[in-house]
Amino acid sequence: MKFFEYHFHGCAGHKTIELNRAAYEEMADFLLKEGNTDGFLATFSAAPIPNLVECLNFCRDVMASGNLAGAKLEGVYLEGPFVRQPGAMTAELLAKPDLDDAKKLVEAGNGIIRAVALAPELPGAMDLIDYFVAQKIPVSAGHFCCSAEVLREAVDHGLSGITHFCNNGEGDIRCILGRYSTEGPWLEILSDDRLDVEMICDGVHVDPRLVKAVSRVKRGKFIPITDGCAATGMPGKRLRFPDPAGNVAEFDVRDGALFIAGTGQLTGSLATMDRIYHNLVGFGAMTPEEAKISCSETPRRKAGLL
C-alpha cells in the first residue's frame, strides 16, 4: 500500500482551490511520482460558504467521473471556516459556527467530506460537533485556543482529533518553582485515548524530538501529514499565490519551509509523504514498518476508507 495525504493543500505550483481538472491531474501525478502517494484528501482553508460549496461540487464531480490518473482524490478535508486562529489563513474569511452553513456544506459534500476542523471554544461549536458527528464526519480541533475543560467537553460531544498538533494555539508548557504545567489542553490531548493527532513531520514545523515523543504516546492514533502547499516541488525563493478570496499574497521559501513573506509566520510545508516516511524513521520515532502503516493505513482508516 502506498502513502496517503490526509491533510494536503497543493503541490507543483497548484492549490486545491484551483478548481480545474488539469491542475488536479498535475497534482495527482506529482503525488504519485514524487511522494509515493496514491490517494489524498483535498484540504480547503477558511473561505466563504459559497466558495466551499463550489469546491465540494468540483471534487464530487472529479471523484464521480473516473477520478484522476495519478493519486486518487478520496474526499475533502474542511479546515475551516469555523476556526479562531488564522495562522496563515486570511483572517477576514474565518466564520462563527453556524448550523445552517454547516448543513449547506454537508449537503454539497454528499458523502465526500472526510474531516472538518473547528475551534471548540467558539460559541455554537458544540452544536456543530453534534451535527457533523451525526453525519458520520470526523471533527477535529484546529486553529483553536481553548482550555482543557472546553476540549474535554468537545470530546464528550464526539470531537475525535487534533489538526496539526503543536501548530495551533494549544498553549505553552511552563515551569514554576520546579512544577511543569500548562493552562491549555496539552495534557488532555496527550492523555485522552479518544483523540488522534495529526502532526506535520517535515522537521521544521515541529521539533523531531517532539515528533518522536508524541508518536509514541499516540501509537496507533498518530497521523503524519505534510500540510503540503503549492510551493512543494517548485523552484524559487519568493512565490505568489492567491487566497480563497482571490487576493494574491507573497511567500518566502527558506529554512526548508514556506513562510508568509517578510515574516516568521510558517505556513504549509514543502514535504511529500515519502519524505515524511523517511523522517519518521530517521527521527527514531518508528520502525520502517510502523512508519509505513502510519503513513498509509492510519489516515485511510480515520477518513473512513478502510
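A brief report on the enclosed structure follows. Note that the coordinates shown come from a computational prediction; the quantities given were computed from them, not determined experimentally. (Residues numbered from 1 in each chain as written. Predicted model: local features only at pLDDT ≥ 70, side-chain atom pairs only at ≥ 80, totals over all residues. Heavy atoms only, no water.)

**As for the overall build of the protein chain**
Right, on to step 1. The helix and strand tally for the protein chain stands at nine helices and 16 strands.
Right, on to step 2. Against the compact-globule benchmark of 19 Å for 306 residues, the protein chain has a radius of gyration of 18 Å, which places it among compact chains.
Right, on to step 3. Here the protein chain holds 306 residues, and the buried ones make up 53% of them.
Right, on to step 4. Counted over contacts in the protein chain with a minimum sequence separation of 6, partners at least 24 positions apart contribute 69%.
Right, on to step 5. Of the roughly 12900 Å² that the protein chain leaves accessible, carbon and sulfur atoms contribute 51%. (Helix = DSSP H or I, 4+ residues; strand = E, 2+ residues; numbered from the N terminus. Rg over C-alpha atoms; globule rule 2.2 N^0.38 Å. Buried < 20%, exposed > 50% of the residue type's maximum accessible area, 1.4 Å probe, protein only. Contact = heavy atoms within 4.5 Å. Areas by Shrake-Rupley, 256 points an atom, 1.4 Å probe, with all protein chains shown as cover.)

**Side note on the sheet that holds strand S13 (residues 238-242)**
Right, on to step 1. Spatial strand order, S13-S14-S15-S16: four strands in an open sheet with antiparallel pairing. Of all strands in the sheet, those bounded by a partner on one side alone are S13 and strand S16 (266-269). Taken pair by pair, the neighbouring strands of this sheet meet at an average axis angle of 35°, ignoring direction.
Right, on to step 2. Here strand S15 (residues 257-260) runs beside S16; their pairing, made up of two bridges, is antiparallel. Bridge pairing in S16 links Phe-259 to Leu-266. (Pairing = 2+ DSSP bridges. Axes fitted to C-alpha atoms, helices over the stretch in contact; angles between N-to-C directions.)

**Remarks on the nonpolar core**
Right, on to step 1. Grouped together as the largest cluster of nonpolar side chains are 72 residues, with contacts concentrated most on Tyr-24, Phe-132, Leu-159 and Leu-280.
Right, on to step 2. No other element matches the seven residues that helix H2 (residues 49-64) contributes to this core.
Right, on to step 3. In this structure, Phe-132 is in contact with Ala-102, Val-106, Val-116, Leu-118, Ile-137 and Val-139, ignoring residues within four places of it in sequence. (Core = buried A, V, L, I, M, F, W, Y, C linked by side-chain atoms within 4.5 Å.)

**Points about the sheet that holds strand S1 (residues 3-8)**
Right, on to step 1. Strand order across the open sheet formed by eight strands is S1-S4-S5-S6-S7-S8-S11-S12, with parallel pairing between neighbours. Edge positions in the sheet fall to S1 and strand S12 (222-225), since each of these pairs with one other strand and no more.
Right, on to step 2. Sheet contacts for H2: strand S4 (37-45), strand S5 (72-79) and strand S6 (113-118); angle to S5, the most-contacted strand, approximately 165°.

**Considerations on empty space enclosed by the protein**
Right, on to step 1. For the structure on display, the rule yields one cavity of 30 Å³ or more.
Right, on to step 2. Considered as a void within the structure, the largest cavity measures approximately 40 Å³ in volume.
Right, on to step 3. Along the walls of the largest cavity sit Tyr-6, Tyr-77, Ala-115, Pro-138, Val-139, Ser-140, Gly-161, Ile-162, Asp-196, Glu-198, Ile-223 and Lys-302, which together make up its complete lining.
Right, on to step 4. For the lining of the largest cavity, the elements supplying multiple residues, two or more each, are strand S7 (139-141), strand S8 (161-162) and strand S11 (196-200). (1 Å grid on protein atoms, 1.4 Å probe; cavity = no way out; pocket = protein on both sides within 12 Å on 5 of 7 lines; lining within 4 Å. Points joined across faces, edges and corners; volume = space filled by probe spheres on them.)

**A short note on the pattern of salt bridges**
Right, on to step 1. One pass over the full model with this rule turns up 18 salt bridges.
Right, on to step 2. Among the ionic pairs, Lys-104 bridges to Asp-101, the shortest N-O distance being 3.9 Å. One end of the pair is Lys-104 and the other is Asp-101, both in helix H3 (residues 99-109) and three residues apart, which spans about a single turn.
Right, on to step 3. Put simply, Glu-149 and Arg-152 hold a salt bridge, and the shortest N to O gap is 3.6 Å. Of this pair, Glu-149 and Arg-152 both sit in helix H5 (residues 148-157), separated by three residues, roughly a single helical turn.
Right, on to step 4. Taking the relative accessible area as the measure of exposure, Arg-152 reaches 33% and is therefore partly exposed. (Salt bridge = Lys/Arg side-chain N within 4 Å of Asp/Glu carboxyl O.)

**Comments concerning the packing of aromatic side chains**
Right, on to step 1. A full pass over the atoms with the stated rule returns seven aromatic pairs.
Right, on to step 2. Relative to Phe-58, the ring of Tyr-24 has its centre 4.9 Å away and its plane inclined at 65°; by these criteria the two rings are edge-to-face. Of the two residues, Tyr-24 sits in helix H1 (residues 21-35) while Phe-58 sits in helix H2, which places them 34 residues apart along the sequence.
Right, on to step 3. Above the ring of Phe-259, the side-chain terminus of Arg-254 is found at 4.0 Å from the ring centroid. (Phe/Tyr/Trp six-rings, centres within 6.5 Å; stacked < 30°, edge-to-face > 60°. Lys NZ or Arg CZ within 6 Å of the ring centre and 35° of its normal.)

**Quick word on unusual backbone geometry**
Right, on to step 1. Of note, the amide linkage connecting Gly-80 to Pro-81 takes the cis form, showing an omega dihedral of 15°.
Right, on to step 2. With phi around 50°, Asn-36 is a residue other than glycine that occupies positive phi space.
Right, on to step 3. You can see Asn-36 is positioned in the loop between H1 and S4.
Right, on to step 4. Residue classification places Asn-36 among the partly exposed residues on the basis of a relative accessible area of 27%.
Right, on to step 5. Positive phi values are uncommon outside glycine, yet Leu-177 reaches one of about 55°.

**So, the layout of surface pockets**
Right, on to step 1. Of the volumes computed, that of the largest pocket is approximately 740 Å³.
Right, on to step 2. Taken together, 36 residues line the largest pocket, and the ones lying closest to its centre are Ser-45, Ala-88, Met-89, Thr-267 and Gly-268.
Right, on to step 3. At the level of elements, S13, strand S14 (248-254), S15 and S16 are the ones that each hand at least two residues to the lining of the largest pocket.
Right, on to step 4. In terms of residue count, S16 provides more of the lining of the largest pocket than any other element does, three residues in total.

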